[in-house]
Amino acid sequence: MQTITRTTKYSQAVQDFVRAKGHATNADILQALRQAYPDLSATTVHRITARLVEHGELALAPNAPDGSARFDANLDPHDHFACSHCSGLRDVKLDHRLLNALEQDLGGCKITGQLLVQGSCVNCQNRRET
Ligand SMILES: [Zn+2]
Ligand SMILES: [Zn+2]
């Protein structure tokens, strides 16, 4: 019984954290929640995120640069911008005109999946200038 209530509590904390951050890996979640829950293990976090994805409470975002899975609080289909300097990831909604232009460029192929745009985020650009 105790395990069930504890998992539920953790599960809520995981969801709250991912919602607040937008995107997070298991490692991000573990690091952040360990402060409040010192006995939280990597295995538990892993199990919770897997179940949340299975239940449609979290979506999968593009993988982190180190290849680990990244979870997304935004459940609507959307595209992403990933910074290649920091591991920053943000949601983008690409204009349909841009998608049309891309599809035309692809000779009429239809884009049905997510796009991942890579670049240098504002923070990293500012850091380089100073
Ligand atoms: Zn960056
Ligand atoms: Zn996203």
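What counts and what doesn't
Residues numbered from 1 in each chain as written. Chains lettered and ligands numbered in written order. Predicted model: local features only at pLDDT ≥ 70, side-chain atom pairs only at ≥ 80, totals over all residues. Heavy atoms only, no water. Pairing = 2+ DSSP bridges. Helix = DSSP H or I, 4+ residues; strand = E, 2+ residues; numbered from the N terminus. Axes fitted to C-alpha atoms, helices over the stretch in contact; angles between N-to-C directions. Contact = heavy atoms within 4.5 Å. Expected span 1.5 Å × (residues − 1). Buried < 20%, exposed > 50% of the residue type's maximum accessible area, 1.4 Å probe, protein only. Arc of directions from axis to C-beta. Donors = N, O, S within 2.8 Å, 3.2 Å for Na, K, Ca; no water. Tetrahedral: all angles 85-135°; square planar, octahedral: opposite > 155°, others 65-115°.

1. Here we look at the sheet that holds strand β3 (residues 70-72)
Thought 1: Taken in spatial order, the 3 strands of this open sheet run β1-β3-β2, and their pairing is antiparallel. What marks the edges here is a single partner per strand, and that holds for β1 (23-25) and β2 (59-61). The mean angle between the axes of side-by-side strands here comes to 40 degrees, regardless of whether they run parallel or antiparallel.
Thought 2: Alignment of β2 against β3, held across 3 bridges, turns out to be antiparallel. Of the residues in β3, the one forming a bridge with L60 is F71.
Thought 3: Lying over the sheet, helix α2 (residues 26-33) contacts β1 and β3, oriented at roughly 90 degrees with respect to β1.

2. Some words on helix α3 (residues 42-54)
Thought 1: Its 13 residues give α3 an end-to-end C-alpha distance of 18 Å, which sits within 8% of 18 Å, the value for a rise of 1.5 Å per residue.
Thought 2: For α3, the set of buried residues is T44, V45, I48, T49 and L52. Viewed end-on, α3 has its buried residues packed into an arc of 125 degrees, placing them on one side of the element. The exposed residues of α3 that point more than 90 degrees off its buried face are T43, H46, R47 and E54.
Thought 3: Count one or two residues on from α3 and you reach G56, which has phi positive near 75 degrees.

3. Some details on the coordination of the zinc ion (ligand 1)
Thought 1: Here the zinc ion (ligand 1) is held by the protein donor atoms C83 (SG), C86 (SG), C121 (SG) and C124 (SG), which lie 2.2 to 2.3 Å from it.
Thought 2: Classification of the site at the zinc ion (ligand 1) as tetrahedral follows from its 4 donor atoms and the range of 107 to 114 degrees in their angles at the metal.
Thought 3: One chain supplies every donor for the zinc ion (ligand 1), spaced along it as C-x2-C-x34-C-x2-C.

4. A short note on the coordination of the zinc ion (ligand 2)
Thought 1: Protein ligation of the zinc ion (ligand 2) involves H23 (NE2), D72 (OD), H78 (NE2), H80 (NE2) and D91 (OD), the donor distances falling in the range 2.0 to 2.1 Å.
Thought 2: Counting along the primary sequence, the residues that act as donors to the zinc ion (ligand 2) give the motif H-x48-D-x5-H-x1-H-x10-D. Of this pair, H23 sits in strand β1 while D72 sits in strand β3, and the two are 49 residues apart along the sequence. Take H23 and D72: they sit in the same class, and that class is buried.

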